[in-house]
Amino acid sequence: MRIIQCLHQNQPRTAVVEDARQVRLTDSDTYHLADEALTSGRTLVEVVTAHLTDTRLDYDALIADRQLLPPLTHADDAHCLVTGTGLTHLGSADTRDAMHAKLDDSEQSLTDSMRMFKLGVEGGKPAAGQTGAQPEWFYKGDGSIVVPPEAPLPVPAFAEDAGEEPELVGLYLIDADGRPRRLGFALGNEFSDHVTERHNYLWLAHSKLRACSYGPELLIGELPEHLEGRSRIVRDGATLWEKPFLTGEANMAHSLANLEHHHFKYSGFRRPGDVHVHYFGTATLSFADGIETRDGDRFEIEVASFGRPLRNPLTFESETATVTVTSI
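Residues numbered from 1 in each chain as written. Predicted model: local features only at pLDDT ≥ 70, side-chain atom pairs only at ≥ 80, totals over all residues. Heavy atoms only, no water.

1. Some remarks on the pattern of salt bridges
Piece 1. Evaluated as defined, the whole model comprises 22 salt bridges.
Piece 2. The residue Glu-190 makes a salt bridge to Lys-208 at a minimum N-O spacing of 2.9 Å. Here Lys-208 lies in helix H7 (residues 204–208) and Glu-190 lies in the loop between strand E11 (180–189) and helix H6 (194–199), a separation of 18 residues in the sequence.
Piece 3. Here Lys-208 falls in the buried class, since its relative accessible area comes to 1%.
Piece 4. Between Glu-300 and Arg-298 there is a salt bridge whose closest N-O contact spans 2.5 Å. (Salt bridge = Lys/Arg side-chain N within 4 Å of Asp/Glu carboxyl O. Helix = DSSP H or I, 4+ residues; strand = E, 2+ residues; numbered from the N terminus. Buried < 20%, exposed > 50% of the residue type's maximum accessible area, 1.4 Å probe, protein only.)

Rendered as structure tokens:
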């Protein structure tokens with residue numbers, strides 16, 4: 001089952017994707033449907049099916065009217081935590097490492113990026129019952145930084161770059177006992193400032209504090225091991241840049257279970273009722289091909305298994321005043 005979330009009569013509602021042009025509305029939103037599944041012991045598919053109405057909506061009209069929402073949200077942004085992990089995909093170290101240093105055959109010359117990648121290759125898929133290597137981890141923000149599908153991604157005036165990162169996203173709700181429960185997966189644009197990161201690797205944390213988007217569809221159930229997609233940038237109606245990308249565990253150095261373990265092992269990330277949006281990394285960036293984005297460019301990320309592509313235009317913000325802190 002694939003679901004979306006949209007505004008209907010000014011209320012968030014979940015809808016089941018019936019085909020490429022039509023969705024069928026439920027009488028609730030994804031958060032409350034998932035919560036009902038947790039408390040009732042039924043599957044999310046069973047609960048969504050039980051809440052279906054007879055109302056069907058035109059998918060294109062929802063997009064044209066900007067009624068799409070991310071497929072899972074929390075009513076309180078502070079209870080939605082957006083995080084991610086990098087250097088997880090086979091080949092991803094090449095892109096990252098090229099931003100930081102050139103390599104030779106000496107172990108001593110390896111950058112921290114390549115060392116981290118090697119840890120994942122050697123120990124990112126542990127046997128059952130064992131703990132694998134820790135991945136790179138980063139924080140993006142709370143729910144306030146999430147941009148709906150089709151809506152503009154804002155670029156802060158202080159940013160030095162505005163680059164896409166086509167990724168899989170895991171969507172989770174923490175149950176009453178503090179256990180992370182995965183609803184499913186969505187396409188995501190993690191969106192980052194690669195120029196800032198390239199200046200100094202210790203600025204990686206700064207480079208990730210940007211808006212992001214995921215959706216429009218949430219794929220309920222297990223993830224195929226091998227997924228092929230395409231990432232592109234459209235400028236003035238024409239494709240400026242396009243490249244295929246591979247994801248799914250068959251194309252990753254880490255297992256999803258290992259990435260999830262190293263995120264949720266922290267008790268602060270297991271607060272009952274919280275939503276978690278976790279990005280799983282990528283190996284494909286337009287930045288690596290020398291692309292510089294502009295105001296009005298549109299990112300498009302698509303994988304057939306996820307239905308409609310995730311699309312977001314860019315909007316560059318004007319200069320902002322310096323923030324001054326005063327005492328009380």
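2. So, a nonpolar patch on the surface
Piece 1. A contiguous nonpolar surface patch, about 280 Å² in accessible area, is contributed by Trp-137, Tyr-139 and Leu-209.
Piece 2. With respect to the helices and strands, Tyr-139 occurs in strand E7 (residues 138–142). (Patch = residues over 30% accessible without salt bridge, like charges linked within 9 Å, V, L, I, M, F, W, Y side chains within 5 Å. Areas by Shrake-Rupley, 256 points an atom, 1.4 Å probe, with all protein chains shown as cover.)

3. Focus: the nonpolar core
Piece 1. Membership of the largest hydrophobic core comes to 26 residues, with the highest contact counts inside it found for Val-82, Leu-171 and Val-277.
Piece 2. The set of elements that each furnish at least two residues to this core consists of helix H1 (30–40), helix H2 (44–50), strand E6 (80–84), strand E10 (166–174), E11, strand E12 (212–220) and strand E15 (275–279).
Piece 3. When sequence neighbours within four positions are dropped, the list of residues in contact with Val-82 reads Tyr-139, Lys-140, Gly-141, Asp-142, Ile-145, Val-146, Cys-212, Val-277 and Tyr-279.
Piece 4. Membership of the second largest hydrophobic core comes to 20 residues, among which are Tyr-172, Ile-174, Leu-259 and Phe-269. (Core = buried A, V, L, I, M, F, W, Y, C linked by side-chain atoms within 4.5 Å. Contact = heavy atoms within 4.5 Å.)

4. Let's talk about the environment of His-8
Piece 1. Topologically, His-8 is positioned in strand E1 (residues 2–8).
Piece 2. A relative accessible area of 22% means that His-8 is categorised as partly exposed.
Piece 3. Spatially, the C-alpha atoms of His-8 and Thr-320 are 35 Å apart, while their sequence positions differ by 312 residues.
Piece 4. Excluding anything up to four places from it in sequence, His-8 contacts Arg-13, Leu-25 and Leu-57.

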